[in-house]
Amino acid sequence: MKISSLQKYLDALMYKDKVTIKRSQIVLLEDGSDKYNLTEIYVDIPCKLSQNNRSILSDKNDRATSISEDYILTLSPNYELKPNDVAIITTNLNQKLILDIIKPFKYPTHMEVSVRKKSDA
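Residues numbered from 1 in each chain as written. Predicted model: local features only at pLDDT ≥ 70, side-chain atom pairs only at ≥ 80, totals over all residues. Heavy atoms only, no water.

Draft legend 1. The arrangement of the packing of aromatic side chains in detail. With the rule as written, the count across this model stands at two aromatic pairs. Between Tyr42 and Tyr79, the ring centres sit 4.9 Å apart and the planes meet at 75°, which makes this aromatic pair edge-to-face. Residue Tyr42 is found in strand 2 (residues 34-59), and its partner Tyr79 is found in the loop between strand 3 (65-75) and strand 4 (86-90); the two are separated by 37 residues along the sequence. Residue classification places Tyr79 among the buried positions, given a relative accessible area of 10%. Between Phe105 and Tyr107, the ring centres sit 5.1 Å apart and the planes meet at 70°, which makes this aromatic pair edge-to-face. Exposure remark for Phe105: the relative accessible area of 46% places this residue in the partly exposed category. A relative accessible area of 34% means that Tyr107 is categorised as partly exposed. (Phe/Tyr/Trp six-rings, centres within 6.5 Å; stacked < 30°, edge-to-face > 60°. Helix = DSSP H or I, 4+ residues; strand = E, 2+ residues; numbered from the N terminus. Buried < 20%, exposed > 50% of the residue type's maximum accessible area, 1.4 Å probe, protein only.)

Draft legend 2. Expanded view of the nonpolar core. Among the nonpolar cores identified, the biggest contains 19 residues, and Leu73 and Leu75 are the most heavily contacted of them. Elements with a minimum of two residues in this core: strand 1 (17-28), strand 2, strand 3, strand 4, strand 5 (96-106) and strand 6 (111-120). In contact with Leu73, other than residues within four places in its own chain, are Val19, Cys47, Lys48, Leu49, Ala87, Ile89, Met111, Glu112, Val113 and Val115. (Core = buried A, V, L, I, M, F, W, Y, C linked by side-chain atoms within 4.5 Å. Contact = heavy atoms within 4.5 Å.)

Draft legend 3. Focus on the pattern of salt bridges. Taken as a whole and assessed by the stated rule, the structure comprises three salt bridges. Ionic pairing is found between Lys106 and Glu80, a salt bridge with its closest N-O pair at 2.8 Å. Pair noted here: Lys106 is in strand 5 and Glu80 is in the loop between strand 3 and strand 4, with a separation of 26 residues, a long-range link. Looking at Lys106, the relative accessible area reads 37%, which means it is partly exposed. (Salt bridge = Lys/Arg side-chain N within 4 Å of Asp/Glu carboxyl O.)

Any functional reading would require information beyond the geometric quantities listed.
In structure tokens, the structure reads:
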């Protein structure tokens, strides 16, 4: 995949965060069985993470509540991301988040990706 010099300039100017994308892939083991392993697909892609101001609370059981926080990840449209990929984002201020990709949407100039962080409270 070739990235134009204009795209590289825009990435450096607009995107100060970095994202590594991992995807679940089948790996064959020595005994002939297989398992799923997270494999790095892209490393340190320039991006921008934005809050979506949407959090979802749902009762998990009597002792814990599940919390989902939605974000928007913006990056170059030159990458192929899929739902259920894992995005490991390091912000410009060195905050690290691990988010699940929900849905990528491409525009001619950029891609917006709905991502979600799940946790228990």
